[in-house]
Amino acid sequence: MLAEPQRTSYDVNFRVLGFPVRIHPFFWLGTALLGASALDRGPTFLLIWMVVVLVSILVHELGHALAFKWYGTGSHIVLYVFGGLAVPWNRVEGRWRNIVIALAGPFAGFLLCGTVYASQLIAPWAGNNAALASLFFTLIFVNLYWGVLNLLPVVPLDGGRVSQEVCGAIWRRNGLRVALQISIGFAAAVAIYSLACELERKQQADWFDGLPWWFPQGSFWTAILFGMLAAQSYQILQQVSWTYSHWDDPADRSPWQR
């Protein structure tokens, strides 16, 4: 449900493992905005952030591309504002195949995260150097937390694609509508939680002190992103609901509609 952005004269083009890669100019803008707070520590730390995001999203999309190749179709990769796409050249049939393809991206990131963490255990390299420590923790954060966030059942994230396939298997023709309803609920919940986290920081409150230290904190950007995803899922749901209503089968209804 994400469209590939149009080509521009400012695109950066190259190949990785034989896959064509295109970086849209808005990718640099979006990455810089997300990491703007790193400038408080100096331009070096913003550069580290941008390099980590570039490498991490590229690894993520390579996971999808390799899965597409495993199932017999080529693909190309596009990095754009706040994310990326692995665009297949042919349709892949089969629910399990599409679930594997969807999961291959986040798990490629988890593999990179584990490799970085293991390298630090085997031969500590971050040490007391501020730049290297920033590189280490940013690699862990982006590949672990972004990967987990990407697995939420929110369309069009990878977890949302898995949700579509599972719902389609359970409710057949009505699966997309159920997946979109789940997507709206989860996206809205994350957006509200993120706004609450932002307000907590501004008011120096302790609303979420009971949460474990590793539980991710929301931000202004995640509130905007998931608010937009909730709105997008709602718009798509409105488009498909009219069509589905003309051949609705009671057996296809979700539990909360019965």
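Shown above is the structure to which this text applies.
Structural notes, computed from the coordinates. Residue positions are given per chain, counting from 1 as you read along its sequence in written order. The model is predicted, so local features are restricted to residues of pLDDT at least 70 and side-chain atom pairs to those at 80 or more, both for listing and for counting; the totals for chains, interfaces and linings are taken over all residues. Heavy atoms throughout the structure, all of them, feed into the side-chain values; hydrogens and water do not.

Below, the discussion takes up the side chain of H64. Secondary structure counts use DSSP, requiring at least four H or I residues in a row for a helix and at least two E residues in a row for a strand, with both numbered from the N terminus. In this fold, H64 is placed in helix α2 (residues 43–70). Here the term buried applies to any residue with accessible area under 20% of the maximum for its type, exposed to any over 50%, and partly exposed to those in between, with areas from a 1.4 Å probe on protein chains only. Judged by relative accessible area, H64 falls into the buried class, the value being 3%. At 3.1 Å, the side chain of H64 forms a polar contact with the side chain of H60. Pairs of N or O atoms within 3.5 Å make up the polar contacts considered here, provided that, within protein, one atom can donate a hydrogen while the other can accept it, and that residues adjacent in sequence are counted only when both atoms are side-chain atoms. A distance of 3.2 Å separates the side chain of H64 from the side chain of D158, its partner in a polar contact.

To estimate how far a helix should extend, the number of its residues minus one is multiplied by 1.5 Å. In this model helix α3 (residues 95–122) runs 40 Å from its N-terminal to its C-terminal C-alpha over 28 residues, within 8% of the 40 Å that 1.5 Å per residue would give. The axis of α3 is deflected most strongly, by about 35 degrees, at A104, and proline P106 appears within four residues downstream. Of all the positions in α3, only I99, I101, A102, A104, G105, P106, A108, G109, L112, C113, V116 and Q120 are classed as buried. In this structure, the buried side of α3 is in contact with α2, α4 (130–150) and α5 (158–171). The quantity called bend is, for any residue, the angle between two axes fitted respectively to the seven residues ending at it and the seven beginning at it. The criterion used for residue contact is that any of the two residues' heavy atoms lie within 4.5 Å.

Time to look at the side chain of E165. Within the element layout of this structure, E165 appears in helix α5. Given a relative accessible area of 18%, E165 falls into the buried group. Other than its neighbours up to four places away in sequence, E165 contacts R95, N98 and I99.

On to the sheet that holds strand β2 (residues 19–23). If you trace the four strands from one edge of the open sheet to the other, you get β1-β2-β3-β4, paired in mixed fashion. Whereas interior strands pair on both sides, the edge strands pair on one side only; in this sheet they are β1 (12–16) and β4 (83–88). Going from strand to strand, the sheet's axes swing by 20 degrees on average, the running direction of each strand aside. DSSP-based pairing: two strands are paired if at least 2 bridges between them are found. With five bridges joining them, β1 and β2 adopt antiparallel strand pairing. Across the sheet, the residue bridging to F14 is V21, located in β2. The strands touched by helix α1 (residues 25–34) within the sheet are β1, β2, β3 (75–80) and β4, with β2 carrying the most contacts at an inclination of about 65 degrees. Axis angles are defined between N-to-C directions and span 0 to 180 degrees, where every axis is a line fitted to C-alpha atoms and, for a helix, only to the segment in contact.

Let us look at the nonpolar core. Put simply, a nonpolar core is a bunch of buried Ala, Val, Leu, Ile, Met, Phe, Trp, Tyr and Cys residues held in one set by side-chain atoms that sit within 4.5 Å of each other. Within the largest apolar cluster, 27 residues are counted, with the highest numbers of intra-cluster contacts made by F27, W49, I77, L79 and V116. At the level of elements, β2, α2, β3, α3 and α4 are the ones that each hand at least two residues to this core. When sequence neighbours within four positions are dropped, the list of residues in contact with F27 reads V53, L54, I57, L79, Y80, V81 and G83.

Let us look at unusual backbone geometry. Between V155 and the following residue, P156, the backbone shows a cis peptide bond with an omega angle of 5 degrees. By secondary structure assignment, the location of P156 is in the loop between α4 and α5. With phi around 50 degrees, R172 is a residue other than glycine that occupies positive phi space. Within the fold, R172 resides in the loop between α5 and α6 (175–203). Although it is not a glycine, Q204 adopts a positive phi angle of roughly 55 degrees. By the secondary structure assignment, Q204 is in the loop between α6 and α7 (220–245).

Before going further, it helps to examine the environment of L237. Along the chain, the position of L237 falls in helix α7. Ignoring anything within four residues of it in the chain, the contact list for L237 reads R177, L180, Q181 and I184.

We now examine the packing of aromatic side chains. Pairs were defined over the aromatic rings of Phe, Tyr and Trp, the Trp ring being its six-membered one, requiring ring centres within 6.5 Å. Orientation was assigned from the angle between planes: stacked under 30 degrees, edge-to-face over 60, tilted for the rest. This model, assessed by the stated rule, comprises eight aromatic pairs. With 5.8 Å between their ring centres and 80 degrees between their planes, W125 and F136 make a pair best called edge-to-face. Remark: F136 occurs in helix α4 and W125 occurs in the loop between α3 and α4; sequence separation between them is 11 residues. With centroids separated by 5.6 Å and ring planes inclined at 40 degrees, the aromatic side chains of F141 and Y145 adopt a geometry described as tilted.

Here the focus is the packing of α3 against α4. When two helices pack together, their arrangement is given by the angle between the helix axes and by the axis-to-axis distance. Contact geometry of α3 with α4 gives a least axis separation of 9 Å together with a crossing angle of 150 degrees. Taken as axis vectors, α3 and α4 run roughly antiparallel relative to one another. Note that α3 runs across α4; the crossing there is left-handed. Contacts from P106, G109, F110, L112, C113, V116, Y117 and Q120 of α3 reach α4 at F136, L139, I140, N143, L144, G147, V148 and N150. Asp, Glu, Lys and Arg are counted as charged, while Ala, Val, Leu, Ile, Met, Phe, Trp, Tyr, Cys and Pro are counted as nonpolar; the rest, among them Gly, fall into the polar class. Of the residues assigned to the contact of α3 with α4, the class counts are 11 nonpolar, five polar and no charged. Here the angle decides the label: under 35 degrees means roughly parallel, over 145 means roughly antiparallel, 65 to 115 means roughly perpendicular, and every other value means oblique. Should the near helix be turned anticlockwise from the far one by less than a right angle, the crossing is left-handed, and should it be turned clockwise, the crossing is right-handed.

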